[in-house]
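These are the residues of each chain, in order.
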Amino acid sequence: MGDVKVLHFIPSLKSAAGPGLSDYKVPLLTCMAGKADVTVVTCDAGKAGMAGCSTVELGRWRRRCGFRKILTEAAPDVVHIHACWNRAAATLFKECGSLHVPTVLTLDHGLDSWHAMRNCWLRKLPMWLMFQRGMLERAGAMHFVTAQERDRFMRLGRHPRLKAVESLNARTAVIGAFNITGGVTVEDMADGLLALYGKVADSAPFFRMTSDERLAEDRLLAISLEGGLGRGVSGGDKALLESLGVKSWRRILIHAYDEGVYDCIKDAVGRSCAESPGVDVENIDRFDMNAANGAGGRAVSESRAAVRLKSDAALPDFERGLCVMLCTLILKVRRACARRSDFVRLYKMLRFNEYDEALVNVKMRSLGLGGDSARMLQILKERYGLGEGFMFADPLDDKGTAELRKKLFKSGIQ
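Residues numbered from 1 in each chain as written. Predicted model: local features only at pLDDT ≥ 70, side-chain atom pairs only at ≥ 80, totals over all residues. Heavy atoms only, no water.

Estimates place the volume of the largest pocket at around 1400 Å³. Along the wall of the largest pocket there are 47 residues; nearest its centre are Arg138, Arg171, Ala204, Phe207 and Met289. For the lining of the largest pocket, the secondary structure elements donating two or more residues are helix H4 (87-98), helix H6 (120-138), helix H8 (186-203), helix H11 (246-258) and helix H13 (291-301). Residue composition of the lining of the largest pocket, grouped by class: 24 nonpolar, 13 polar and ten charged. (1 Å grid on protein atoms, 1.4 Å probe; cavity = no way out; pocket = protein on both sides within 12 Å on 5 of 7 lines; lining within 4 Å. Points joined across faces, edges and corners; volume = space filled by probe spheres on them. Helix = DSSP H or I, 4+ residues; strand = E, 2+ residues; numbered from the N terminus. Nonpolar A, V, L, I, M, F, W, Y, C, P; charged D, E, K, R; others polar.)

Attention now moves to the nonpolar core. Among the nonpolar cores identified, the biggest contains 61 residues, and Phe343, Leu350 and Leu380 are the most heavily contacted of them. If you tally residues by element for this core, the top one is helix H15 (residues 317-334), at ten residues. In this view, Phe343 contacts Leu329, Val333, Met376, Ile379, Leu380, Tyr384, Leu408 and Gln414; residues no more than four positions away in its chain are not counted. (Core = buried A, V, L, I, M, F, W, Y, C linked by side-chain atoms within 4.5 Å. Buried < 20%, exposed > 50% of the residue type's maximum accessible area, 1.4 Å probe, protein only. Contact = heavy atoms within 4.5 Å.)

Our focus in this paragraph is the packing of aromatic side chains. Two measures describe an aromatic ring pair: the distance that separates the ring centres and the angle between the ring planes. Taken as a whole, this structure holds ten aromatic pairs when the rule is applied. Arranged with centres 5.6 Å apart and planes meeting at 80°, the rings of Phe207 and Phe409 form a pair that is edge-to-face. Taken together, the residues Phe207 in the loop between H8 and helix H9 (211-226) and Phe409 in helix H19 (residues 399-410) connect sequence positions 202 residues apart. The exposure class of Phe207 is partly exposed, given its relative accessible area of 25%. (Phe/Tyr/Trp six-rings, centres within 6.5 Å; stacked < 30°, edge-to-face > 60°.)

Now for the sheet that holds strand S1 (residues 5-9). With parallel pairing, seven strands are arranged side by side in an open sheet as S3-S2-S1-S4-S5-S6-S7. Only two strands of the sheet have a single partner each, and these edge strands are strand S3 (54-57) and strand S7 (172-174). Taking the axes of each pair of neighbouring strands and ignoring which way they run, one obtains an average angle of 20° across the sheet. Across the sheet, helix H7 (residues 147-154) is in contact with strand S6 (141-144) and S7; its angle to S7 comes to roughly 155°. (Pairing = 2+ DSSP bridges. Axes fitted to C-alpha atoms, helices over the stretch in contact; angles between N-to-C directions.)

With burial as the criterion, each face of S6 is covered, one bearing Ala141 and His143 and the other bearing Met142 and Phe144. Sheet topology note: the strand S5 (residues 103-106)/S6 ladder contains three bridges and is parallel. When the bridges of S6 are listed, Thr106 appears paired with His143. In terms of strand pairing, S6 meets S7 through three bridges, oriented parallel. The residue of S7 that forms the bridge with His143 is Ala173.

As a further point, take the pattern of salt bridges. By the definition in use, this model includes 28 salt bridges. Salt bridges sharing partners connect three or more residues here, namely Glu217, Asp218, Arg340 and Arg383. (Salt bridge = Lys/Arg side-chain N within 4 Å of Asp/Glu carboxyl O.)

A word on the environment of Ile223. For Ile223, the position within the fold is in helix H9. Residue classification places Ile223 among the buried residues on the basis of a relative accessible area of 8%. With 56 residues separating them along the chain, Ile223 and Ser167 place their C-alpha atoms 43 Å apart. For Ile223, the contacting residues outside a window of four places in its chain are Val233, Asp237, Ala268 and Arg271.

Attention shifts here to the confidence of the model for the chain. Looking at the chain as a whole, its pLDDT mean stands at 88, while 92% of the residues score no less than 70. Least confident of the elements in the chain is H13, whose mean pLDDT is 54; most confident is S5, at 98. (pLDDT = per-residue confidence, 0-100.)

Compared with the 21 Å implied by 1.5 Å per residue over 15 residues, the 20 Å span of helix H18 (residues 370-384) between its first and last C-alpha is a close match. Inspection of H18 places Gly370, Ser373, Ala374, Arg375, Met376, Leu377, Gln378, Ile379, Leu380 and Tyr384 among the buried residues, and these make up the whole buried set. Of the surrounding elements, those touching the buried residues of H18 are H9, H15, helix H16 (340-351), helix H17 (357-366) and H19. (Expected span 1.5 Å × (residues − 1).)

A few words now on the packing of H4 against H6. At a closest axis distance of 10 Å, the pairing of H4 and H6 adopts a crossing angle of 50°. Considered as vectors, H4 and H6 are oriented oblique to each other. When the axes of H4 and H6 are compared, the crossing they make is left-handed. Every residue of H6 that contacts H4 at Arg87, Ala89, Ala90 and Phe93 is listed here: Met127, Met130, Phe131, Gly134, Met135 and Arg138. Considered class by class, the residues forming the contact of H4 with H6 number seven nonpolar, one polar and two charged. (Parallel < 35°, antiparallel > 145°, perpendicular 65-115°, else oblique. Left-handed = near helix turned anticlockwise from the far one by under 90°.)

Next up, the structure:
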């Protein structure tokens with residue numbers, strides 16, 4: 001992953017530059033600056049100097065506004081937080097979450113028993129409950145400098161003194177610090193961390209996509225869906241696709257693969273004669289970010305509403321299948337486990353089949369899902385190009401539709 005933009009947060013560069021376990025950081029970041037665009041944010045710069053790095057020192061007040069401004073201006077691919085039990089780090093982590101910037105945490109043995117139990121009741125326990133545990137659970141990846149530190153973390157429960165039934169975060173990597181690990185050079189450590197940043201960024205590509213990239217994915221899906229009708233590709237679509245770079249295509253293809261529409265995108269690329277890079281999406285090293293979605297999808301398929309519809313003999317086969325599809329998609333969206341492939345299947349059912357529109361409309365209204373169905377039709381109209389002549393009801397664009405758009409965006413779908 002070339003031309004990576006990474007922002008490092010180190011609470012005190014002055015302390016990190018002194019003797020101790022963390023004295024690897026200054027040489028590491030100096031080396032990394034020759035391979036990537038590195039910005040270092042700190043609350044105490046001292047006299048530590050790092051050639052090639054852009055260093056920003058934040059004062060004590062208005063840190064939240066300062067972090068947001070820095071994140072907006074630097075636009076990093078990944079934020080690497082080198083801190084544990086630190087309120088400023090928690091503020092930055094929260095801002096990264098609100099801006100959907102992936103994070104990597106390095107604790108430097110901050111969770112070891114001797115450290116975690118020091119001033120536990122007065123300081124560490126309140127911090128643990130307020131922010132530290134949440135940071136560990138939601139971080140894009142945990143970086144450990146020794147395998148022993150990682151093993152201790154994997155046994156850590158919901159309290160520092162309790163053993164885990166399940167790890168707080170399975171997205172972990174051990175990249176040894178060159179100052180304590182034999183055979184590891186500063187170059188090796190820098191390369192290992194850059195590979196980790198690429199893995200974290202590739203694991204959740206949607207929020208790193210620009211508005212043009214998201215529009216391009218929409219247009220590619222529309223080209224594929226309309227391809228069977230013999231329609232050509234517009235000049236505007238060709239210009240949009242030709243403006244995409246290698247990194248843009250990589251994000252689009254990875255997201256399309258995650259959303260189950262990769263074949264549609266590749267078909268549209270062929271129809272539009274666009275040049276996309278040969279990205280082997282299936283073999284890209286990434287973290288699994290969709291485990292919870294699978295469980296949510298299974299729960300939806302077993303819901304009482306879906307079972308009741310499947311056993312409704314009063315409906316013809318196709319109309320019953322369409323109602324089940326609509327009901328299931330509505331529930332999936334509510335539980336944040338829908339995928340773009342679900343919308344594509346619904347589009348194809350509505351666009352390429354003859355069915356009793358009035359019967360489907362009456363059935364969805366009787367289930368109390370008439371409004372939700374009409375909002376889904378509005379999304380299909382906007383994002384997939386479905387004409388109103390193929391809809392069983394008038395599309396609805398109201399406050400509920402606006403909330404639906406926000407939910408689909410927050411879920412990383414579209």
